[in-house]
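Descriptive analysis of the structure
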Amino acid sequence: MQGKRSHHSMQQIPRVKANDFSANSHYYHERQCLESTIAYETPVIVEGALSPSTCESICDRIASVCGSLEIDVQRKRSGQTNVYQCSLEQAFDLMMLSKRDDAIFAFCEGLLDGTNLLCHERDTLTTCREKLFANEAEGSIDEDWFKWFPTNAQPSDCVILAGEGATSTLHRDPFEWTGTSICLEGTKVWRFVQPPGTLAQNNDSFNDGPCSGVFHIDNLLQSYRLNSLAWGDNGEDTLTLSKGWQSDFSLYSSIDCSVPSARELAKIEEKFGFDEKIKMVESIGNDQSRISPTVHGDTKLWSGVQRAGDLIIIPAYWWHQTYALEPSLAVASQRCGGKRDAARVIQHILNSISLGCSENVLGGFDLSAAMSPKRLEHDGPRSIIKELFDYIHGVGMKP
C-alpha cells in the first residue's frame with residue numbers, strides 16, 4: 001500500500017553476545033504502573049548464537065538434502081509479484097542473482113520437518129534457541145510448551161530465502177508466541193513497530209484487547225486476519241486454532257537511489273572489510289530518508305541488522321518486517337514458553353476457535369485454573385495441554 005511518507009522515531013535493537021545473554025535481563029521486562037506490575041518483552045539480537053562453521057554446514061545440508069524439492073518462489077518485478085514453482089536449488093541460484101528491481105522471496109514452511117535426514121540440523125537449531133531460555137545459573141528454565149501439542153498442531157520451522165530487494169509482509173505473528181529467526185547466510189534488516197504503552201510509565205494497558213496499545217497499531221495499519229493453523233480430523237469439524245495479522249503497508253516502501261546494491265556492498269566488503277560493510281548496512285537500515293516507511297501516525301520503530309549466526313527474538317504484539325539489502329538464508333521458529341507465552345497462546349487458541357462456533361466456547365475451558373501455580377506444580381504443562389486439546393476435540397465433535 002502506497003501513501004504519504006511519515007518520519008517516525010527510531011530505536012536501535014539491542015545486540016547481546018550469546019555468552020552474555022540472559023532472557024530475564026535482555027528479553028523479559030517489567031515496569032511498575034500505579035499499584036500493578038506490567039510485564040512486557042522487547043526485540044533483541046543475540047550475536048553469534050551459531051558459529052560460522054555451523055551456519056555453513058546447515059546451509060550445505062539443506063541444499064544437499066532438499067535441493068531437488070519443488071517450492072513456491074515469489075518474484076517481484078516492476079511492482080508486480082508472481083508466484084512460480086522451481087527446485088530449491090534453482091531458488092538458491094535465483095536468490096544470488098536477484099536485483100532490487102527483480103527480487104526473489106521464498107517462505108518454505110515445514111521443509112526441515114519433511115525428512116529425517118535433517119534431524120541433526122533441526123536439533124542443532126532447537127538447542128541454539130532453547131538454551132537461551134534455560135538459564136541454570138539463575139535457576140530459570142522456561143520450557144517450550146509447544147512440544148506437548150499434538151504433532152499436527154505444532155507450528156513448524158520455516159526456511160526463508162530472500163534475494164536483494166526482497167521484503168517480508170508487514171505482520172504480527174499468529175498464536176501470539178515468542179518468535180525467533182536465525183540467519184545462516186547474508187544479512188537482514190529488521191524493523192519493528194513498538195506497541196504504545198510498552199515502555200511508558202503512565203499506560204497500564206498492554207493486553208491484546210480493544211483498549212490496548214497493540215489494538216491501536218492494528219487499526220493504524222488497517223490490519224486483516226489470516227488463518228494459520230487448522231485442526232480437525234476423524235469426523236471433527238475443522239477448527240481454526242490460530243490467526244495472524246497482516247497489513248498492506250510497508251516499513252520499506254521507498255528505496256532511495258543512493259542505497260548501494262548487493263554487488264556494491266560486496267565490493268565494499270572486499271575493499272574495506274566486513275565490519276565496514278556492516279556499519280554501512282546498519283546506517284542505511286536506520287535511515288528513514290533512504291528507506292522510507294508508509295506507516296501513518298505517531299509510531300516508534302525499532303531497527304537492527306541481523307548477521308549470519310545471529311538469532312533475533314521477536315516478541316508477541318510487535319509488528320515487524322524484514323528487508324534484504326543482500327541475499328540471505330534464515331530459519332524462523334517459534335516457542336511457547338511457560339513463563340509468559342503459554343497463557344496468551346492458549347487464550348489466542350480459544351479466541352480463534354470461538355470465531356467459528358455458534359456457541360460461546362470461551363467459558364468452557366478455565367484458563368485461570370489451568371495456569372494457577374498449584375496446578376502447574378502438581379500436574380505440569382503436559383497435562384494442561386492435554387486437557388486443552390481434549391476440550392478442543394469435544395468442541396470439534398459437536399454438531
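Conventions we followed
- Residues numbered from 1 in each chain as written.
- Predicted model: local features only at pLDDT ≥ 70, side-chain atom pairs only at ≥ 80, totals over all residues.
- Heavy atoms only, no water.
- Helix = DSSP H or I, 4+ residues; strand = E, 2+ residues; numbered from the N terminus.
- Buried < 20%, exposed > 50% of the residue type's maximum accessible area, 1.4 Å probe, protein only.
- Contact = heavy atoms within 4.5 Å.
- Areas by Shrake-Rupley, 256 points an atom, 1.4 Å probe, with all protein chains shown as cover.
- Pairing = 2+ DSSP bridges.
- Expected span 1.5 Å × (residues − 1).
- Arc of directions from axis to C-beta.
- Axes fitted to C-alpha atoms, helices over the stretch in contact; angles between N-to-C directions.
- Parallel < 35°, antiparallel > 145°, perpendicular 65-115°, else oblique.
- Left-handed = near helix turned anticlockwise from the far one by under 90°.
- Nonpolar A, V, L, I, M, F, W, Y, C, P; charged D, E, K, R; others polar.

Along the backbone of the chain there are ten helices and 22 strands. The proportion of buried residues among the 399 residues of the chain is 52%. Taking all contacts inside the chain whose residues are at least 6 apart in sequence as the whole, residues at least 24 apart take part in 79%. Of the roughly 18500 Å² of accessible surface on the chain, a fraction of 49% belongs to carbon and sulfur atoms.

For strand β13 (residues 178–185), the buried fraction is high: seven of the eight residues fall into the buried class. Both β13 and strand β22 (residues 328–335) contribute to a ladder of seven bridges, which runs antiparallel. Of the residues in β22, the one forming a bridge with Gly 179 is Gln 334. By the bridge criterion, four bridges tie β13 to strand β20 (residues 311–314) in an arrangement that is antiparallel. By the bridge assignment for β20, Gly 179 is matched with Ile 314.

Below, the discussion takes up helix α2 (residues 52–66). Across its 15 residues, α2 extends 21 Å between first and last C-alpha, which sits within 8% of the 21 Å expected from 1.5 Å per residue. If you check which residues of α2 are buried, you get Cys 55, Ile 58, Cys 59, Ile 62 and Cys 66. The buried residues of α2 occupy an angular sector of 100° when the element is viewed end-on, so they sit on one face. Among the exposed residues of α2, those oriented more than 90 degrees off its buried face are Ser 53, Glu 56 and Ser 64.

Axes are the key here: two packed helices are described by the angle between their axes and the distance separating the axes. Interaxial distance between α2 and helix α4 (residues 119–130) falls to 10 Å at its minimum, and their mutual angle equals 140°. Comparing the axis directions of α2 and α4 gives the class oblique. The chirality of how α2 crosses α4 is left-handed. The residues of α4 that touch α2, namely those facing Thr 54, Ile 58 and Arg 61, are Glu 121, Thr 124 and Leu 125. Looking at the contact of α2 with α4 residue by residue, the class counts come to two nonpolar, two polar and two charged.

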